[in-house]
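Residue-level structural notes
Residue strings, one per chain:
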Amino acid sequence: MAEKRAVKVAIVGAGMSGLCMAAKMQDAGIETFTIFEQADEVGGTWRDNTYPGLHCDVPSRFYSYTFRSNPEWSRLLPPGNEVQSYFTQIATERGIRTHIRFGTPVTSAVFREGKWWISTAGGSEPFDVLITATGILRVPRYPDIPGLNEFAGPMFHSSRWDHSVSLQDKRIGLIGTGSTGVQITAELGGKVRGLTIFQRTAQWVFPFPNPRYSPITKAALRRVPVLSRLGYRFWQTVYENFFAKAMVRPGLRRRLVSAMCRWNLNFSVRDPRLRRKLTPDYQAMCKRIIAAGHYYQSVQKPGVDVVVDPIDHIAPTGVVTADGTLHEVDLLVIATGFDAHAYARPMEIIGENGVSLDEAWTDGPQAYRSVAVPGFPNMFMLMGPHSPIGQQSLVIIAENQADYAMWWIERIRDGAIDAASPTETATKEYNEQMKSAMPQTVWTTGCNSWYLDKHGVPELFPWEPARHRRLLASPEPSDFDVQPAQA
Ligand code: NAP
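Right, let's walk through the structure included here. This structure is a prediction, so every number in the text was calculated from the model and none was measured. (Residues numbered from 1 in each chain as written. Predicted model: local features only at pLDDT ≥ 70, side-chain atom pairs only at ≥ 80, totals over all residues. Heavy atoms only, no water.)

1. Quick word on the packing of helix 6 (residues 226-248) against helix 13 (residues 465-473)
Where helix 6 contacts helix 13, the axes come no closer than 9 Å and their chain directions differ by 115°. Taken together, the residues of helix 13 that come into contact with helix 6 (itself represented by Gln236, Glu240 and Ala244) are Pro465, Ala466 and Arg469. For the contact of helix 6 with helix 13, the per-class residue count stands at three nonpolar, one polar and two charged. (Axes fitted to C-alpha atoms, helices over the stretch in contact; angles between N-to-C directions. Helix = DSSP H or I, 4+ residues; strand = E, 2+ residues; numbered from the N terminus. Contact = heavy atoms within 4.5 Å. Nonpolar A, V, L, I, M, F, W, Y, C, P; charged D, E, K, R; others polar.)

Here it is as structure tokens:
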């Protein structure tokens, strides 16, 4: 029997996935891990996003780790600050914080002589395994609109909300009507002096009420933990058997989602002019579906205006549309989304033979089963390319990917292997299979969205989430170049 080694693991990022990886390692009895976090708190996207109306669009019971239920969720769809406290609490109660180096961005990770050399401003240090847990919606995307920097009033991206700016007395201009723009509108519509929404493309909105959990429900959940697990299973079943199936293949479910979105619009918006403005010209779910309870009600409140003329430029006092109208506003909110294809970048990752990840990905991001990349031994990505992020809760994806990484980490710890990376052939085959399954999905039915890569192919998983889970539950060593442990 080989002796167990102290395997050193570097995790980049202390958001939902990084914390998940840390917890899985603790559960396996491994404490020799370090989390590098560029900010001064855990939480990732839930730390960065604090805009009014922020809540998760996945039910709280299902947006929880399987190893840590939370009877205290206040609503079906949890507010952003509760999600953030859920993660901060877990980091504290599990003692993960002692492993985190806050305020420490990783500048590069280089694989040299069998180790990952992680560089920060403080120097360079070797690790056996590199886990990238850098999230998906991390890098804000600013629109390329002429004059944007000429605006005289306050202006910020939705993920960099400036809470020192008062809102009630302002005429707010909101650029963008994705999930973020919709949630901001639902919260602020009718509560501020004016809200002008600049909509480039209308969105389908799936009616999703967001009831509160009563004190009795919470007390029951506290006393009977199995109820939380049942709630998790219930929502997992709904997502996997309804929404996910509707997304990955045509059929009755897809038509049903479309019908519900159309009904929601027709029922909620009676004014035909406004309804026309809000009617999309593509299939529901082609872009990420928006789950909202009272967006259409808020859009119809006094002081709210939806502008569909394209933006021509930004003037110091407002937004000028192509018809020449100046829409005067006091505050400009940029809700134009994120660069979803950055992955761990701008951190530089250099694998075997000095090949960088950018070089390996000249044709676009590709991974083996969403977690590993040929030529980058002992590197595992959480939320890597083609993770099933369109049709599944990101929390369960992170858990499945972290379990997969653990399978390999345990082999290194047990002294069975030194390093492993997927073969080019297995990775190519896997990506070709995915590509050929894409036309069945709703994401290719003709719309523009952050799901698409530079070739217009969805950077998503084209099958049901259960298949992703199965692929990760049974690692195939024959798909890997494995370096046995040196004696
Ligand atoms: P998004 O979905 O990418 O939406 C960006 C919006 O900005 C779109 O309406 C887009 O219009 C518009 N836009 C972009 N560039 C523009 C320009 N130059 N001029 C005018 N409009 C422009 O971004 P997001 O709303 O921040 O949401 C991103 C993702 O974050 C969501 O899909 C979701 O996965 C996640 N999210 C989740 C939650 C949650 O509850 N869990 C909440 C918020 C966000 P086009 O449609 O024409 O491109």
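2. Looking at the packing of aromatic side chains
Inspection of the entire model under this criterion finds 27 aromatic pairs. Measuring from centroid to centroid gives 5.3 Å for phenylalanine 461 and tryptophan 463, while their planes differ by 80°, and the two rings are edge-to-face. Judged on exposure class, the residue phenylalanine 461 and its partner tryptophan 463 are both buried. These aromatic residues form a ring-pair network of at least three members: Phe62, Phe206, Phe208, Tyr232, Phe234, Trp235, Tyr239, Phe242 and Phe243. One Lys or Arg, arginine 411, reaches over the ring of tryptophan 407 and ends 3.8 Å from the middle of that ring. (Phe/Tyr/Trp six-rings, centres within 6.5 Å; stacked < 30°, edge-to-face > 60°. Buried < 20%, exposed > 50% of the residue type's maximum accessible area, 1.4 Å probe, protein only. Lys NZ or Arg CZ within 6 Å of the ring centre and 35° of its normal.)

3. Some thoughts on the site of the ligand
The full set close to the ligand counts 24 residues, and His55, Asp57, Thr180, Thr201 and Lys287 are the nearest of them. At 2.8 Å, a backbone N or O of threonine 177 approaches an oxygen atom of the ligand. Take arginine 288: an N or O atom from its side chain is 2.9 Å from an oxygen atom of the ligand. For the shell around the ligand, the element with the most residues is helix 4 (residues 179-188), which contributes three residues. Considering only residue class, the shell around the ligand consists of nine nonpolar, 10 polar and five charged. Each of two domains, domain 1 (9-139 + 339-484) and domain 2 (148-203 + 287-334), supplies a minimum of three residues to the shell around the ligand. (Near = heavy atom within 4 Å. Polar contact = N/O pair within 3.5 Å; in protein donor to acceptor, adjacent residues only side chain to side chain. Domains from an automatic or database assignment.)

4. Side note on empty space enclosed by the protein
Scanning the entire structure with this criterion turns up four cavities of 30 Å³ or more. Size it by volume and the largest cavity reaches roughly 150 Å³. In terms of lining, the largest cavity is formed by 13 residues, of which the most central are Asp57, Tyr239, Met247, Arg288 and Ile289. A total of three residues in the lining of the largest cavity trace back to one element, the largest contributor, which is helix 6. Grouping the amino acids of the lining of the largest cavity by side-chain chemistry returns eight nonpolar, three polar and two charged. Domain assignment of the residues forming the lining of the largest cavity places at least three in each of domain 1 (9-139 + 339-484) and domain 2 (148-203 + 287-334). (1 Å grid on protein atoms, 1.4 Å probe; cavity = no way out; pocket = protein on both sides within 12 Å on 5 of 7 lines; lining within 4 Å. Points joined across faces, edges and corners; volume = space filled by probe spheres on them.)

These values are about where atoms sit, not about what they do.
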